[in-house]
Amino acid sequence: MAEVATGLRRELGVWAATAIVVGTVIGSGIFLVPKDMILHVGSPATVLAVWVAGGILSLAGALSYAELAAAMPEAGGEYVYLRKAYGPLWGFLYGWTQMWVARGGSIATLATAFFLYLGNFFPALEEIFYVLPLPIGPGGGPLEVRYGQLLAVAVILLLAGVNYLGVRFGAGVQVAVTLLKVALIGALIVIGLGAGQGDFRHFSSGIPAAGGVAGFFAALVAALWAYDGWNNVSMVAAEIRRPQRNLPIALVAGTMAVMVIYLLANLAYFYVLPAAKVGESDRVAAEMMRAVAGDWGAAAVSVAAMVSIFAALNGSLLAGARVPYALARGGLFFQGFGYIHPRYRTPAVSILGLALWGSVLVFSGRYEELFRYVIFASWILYGMTAAAVLVLRWKQPHLQRPYRTPGYPVLPALFVVGAAAVTWSSLWNFPRESLLGMALILLGLPYYGWVRRARRGAGAPGAEGAGS
């Protein structure tokens, strides 16, 4: 297997793998996106239906990915699967998109959410200290730089340092912080649902909204940002012990756990707050706790949110850095990104490179613009990866598959249809962010052509990627 030559070590067990799923998925979304969702659909019942739809869609994806991950437990996740199913160009485009759009954008979005919550304690973080008079800011306006964005960059670089020091160290941080944040969110749910101030009539409240199919899918884009990250564990497959067993367990159990947590949290929000109040609140969980316990409750939620975001950001860096690393090892990216630190056995350059790019993206937009930028690009590739289950069953029927997707071929096909609908909805509702993401993806094509020509000129084998 290709990983033997790379020097990566299989040091992660099933708990660490599951913590990467849960810890990366549950980040900022559950604390921030309910406002965006209620503004699109208008009623708490429909918001809950959107959460269920997003959870089912994500679970269908996880069940499909589990087959691929168990059959090909190599570093890079979807890069490996797409290369096998469709050829090196598609593997390259996945890795390119992860680096410049999806993973870099996720890191920037999470770091931005971290400073938004820290702003509860230090309002000066929201202050603007510099304005660049160019139309490159949110909505095409001037670029405004806030003090909090500098702090967000510092958090990204801190966690890059943590993951630089070894996968076991980074995973240990992930397990500890994930357990802490699940406990804190559990406490928030119990307090909210047990609150004497709650009222079941809130579930029948509503606000004016576009609604309909368009509103449902626009809300689904926000929900899928909150669910995003269930696939990250496949990126570190080369460092997981007994991957044929542990990867499917982590993918499926982690995604199901997240779905339950999200539904319970939203039940608590709407039990305490009417729809109109949720629609007004940038920090709905904090507003819920303020209604129940006063200012100290809102402060406690802000701490819980920062712990949650910290864990998601750590997991995103830990897993995401393995993609440009795998791309470089296959000869399709800057060679330095394939470097393994001789002592810590980590893809050191890839970790630092991804962290620096995520830091640049911190300055490119506000929270909502950033997550929309990520979702459009990500779900194109998620759909193609689930379709790879169908393609590889046909192209490589004898490939050893320790785990097989239940409900094949219906489940992967349904996920592909769902991914296509989400992609179209994102483009229709948020064209600026979607087209920006698409432009960055397409910029990879001339780079790919240049790499292929350079490799042929140097007499290297075709850029099929390591392990092909």
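Residues numbered from 1 in each chain as written. Predicted model: local features only at pLDDT ≥ 70, side-chain atom pairs only at ≥ 80, totals over all residues. Heavy atoms only, no water.

## Quick word on the overall build of the protein chain
- Per the secondary structure count, the protein chain includes 19 helices and two strands.
- With respect to the principal axes defined by its C-alpha atoms, the protein chain has extents near 70 × 50 × 40 Å.
- The 468 residues of the protein chain split such that 61% are buried.
- When the accessible surface of the protein chain is totalled, it reaches about 16900 Å², and 69% of it is carbon and sulfur.
- For the protein chain, the centre of its 31 positive side-chain charges and the centre of its 20 negative side-chain charges are spaced 13 Å apart. (Helix = DSSP H or I, 4+ residues; strand = E, 2+ residues; numbered from the N terminus. Buried < 20%, exposed > 50% of the residue type's maximum accessible area, 1.4 Å probe, protein only. Areas by Shrake-Rupley, 256 points an atom, 1.4 Å probe, with all protein chains shown as cover. Lys, Arg positive; Asp, Glu negative; His and termini not counted. Charge placed at Lys NZ, Arg CZ, Asp CG, Glu CD.)

## Brief notes about the confidence of the model for the protein chain
- Residue-level pLDDT values for the protein chain average 85, and 93% of them are 70 or greater.
- Every residue in residues 1-6 scores below 50 in pLDDT, and together they form 15 contacts with partners more than four places removed in sequence or on other chains.
- The model gives residues 461-468 a pLDDT under 50, and that stretch makes 23 contacts with residues more than four places away or in other chains. (pLDDT = per-residue confidence, 0-100. Contact = heavy atoms within 4.5 Å.)

## Brief notes about the packing of aromatic side chains
- Under the criterion given, the structure shown has 31 aromatic pairs.
- Clustering of aromatic rings is evident, with ring pairs tying together Phe 92, Trp 96, Trp 100, Phe 333, Phe 334, Phe 337, Trp 357, Tyr 447, Tyr 448 and Trp 450.
- Arg 83 extends its terminal NZ or CZ atom over the ring of Tyr 79, reaching a point 5.0 Å from the ring centre. (Phe/Tyr/Trp six-rings, centres within 6.5 Å; stacked < 30°, edge-to-face > 60°. Lys NZ or Arg CZ within 6 Å of the ring centre and 35° of its normal.)

## Quick look at the pattern of salt bridges
- Taken as a whole, this structure holds nine salt bridges when the rule is applied.
- Across the salt bridge formed by Arg 83 and Glu 74, the nearest N and O atoms sit 4.0 Å from each other. An identical accessibility class is assigned to Arg 83 and Glu 74; each is buried.
- Taking the shortest distance from any N to any O, the salt bridge between Arg 201 and Asp 199 comes out at 2.8 Å.
- Since its relative accessible area comes to 63%, Arg 201 is described here as exposed.
- Each member of the salt-bridge network shares a partner with another, and the members are Glu 67, Arg 393 and Arg 401. (Salt bridge = Lys/Arg side-chain N within 4 Å of Asp/Glu carboxyl O.)

## Re the nonpolar core
- In this structure, Phe 31, Trp 51 and Tyr 262 are the most contacted members of the largest nonpolar core, which totals 151 residues.
- Here the element with the most residues in this core is helix H6 (residues 88-118); it accounts for 17 residues.
- In this structure, Tyr 262 is in contact with Val 25, Ile 26, Gly 27, Ile 30, Trp 51, Ala 226 and Tyr 227, ignoring residues within four places of it in sequence.
- Formed by five residues, the second largest nonpolar core is a distinct cluster that contains Leu 8, Ala 75, Ala 238 and Tyr 325. (Core = buried A, V, L, I, M, F, W, Y, C linked by side-chain atoms within 4.5 Å.)

## So, the side chain of Thr 97
- Structurally, the position occupied by Thr 97 is in helix H6.
- Owing to a relative accessible area of 1%, Thr 97 belongs among the buried residues under this scheme.
- Thr 97 has contacts with Ala 102, Arg 103, Ala 377, Leu 381 and Ile 441, leaving out every residue within four places of it along the chain.

## Some points on the packing of H6 against helix H14 (residues 322-329)
- At a minimum axis distance of 9 Å, the contact between H6 and H14 shows a crossing angle of 140°. Relative to H14, the element H6 lies oblique. Both H6 and H14 take part in a crossing whose hand is left-handed. On H14, the residues touching Gly 91, Phe 92, Tyr 94, Gly 95, Trp 96, Gln 98 and Met 99 of H6 are Val 323, Pro 324 and Leu 327.
- By residue class, the composition of the contact of H6 with H14 is seven nonpolar, three polar and no charged. (Axes fitted to C-alpha atoms, helices over the stretch in contact; angles between N-to-C directions. Parallel < 35°, antiparallel > 145°, perpendicular 65-115°, else oblique. Left-handed = near helix turned anticlockwise from the far one by under 90°. Nonpolar A, V, L, I, M, F, W, Y, C, P; charged D, E, K, R; others polar.)

## Some words on a nonpolar patch on the surface
- A grouping of Phe 129, Tyr 130, Tyr 147 and Leu 150 is seen on the molecular surface, where their side chains present a nonpolar patch of about 390 Å² in accessible area.
- Topologically, Tyr 130 is positioned in strand E1 (residues 128-132).
- The exposure class of Tyr 130 is partly exposed, given its relative accessible area of 44%. (Patch = residues over 30% accessible without salt bridge, like charges linked within 9 Å, V, L, I, M, F, W, Y side chains within 5 Å.)

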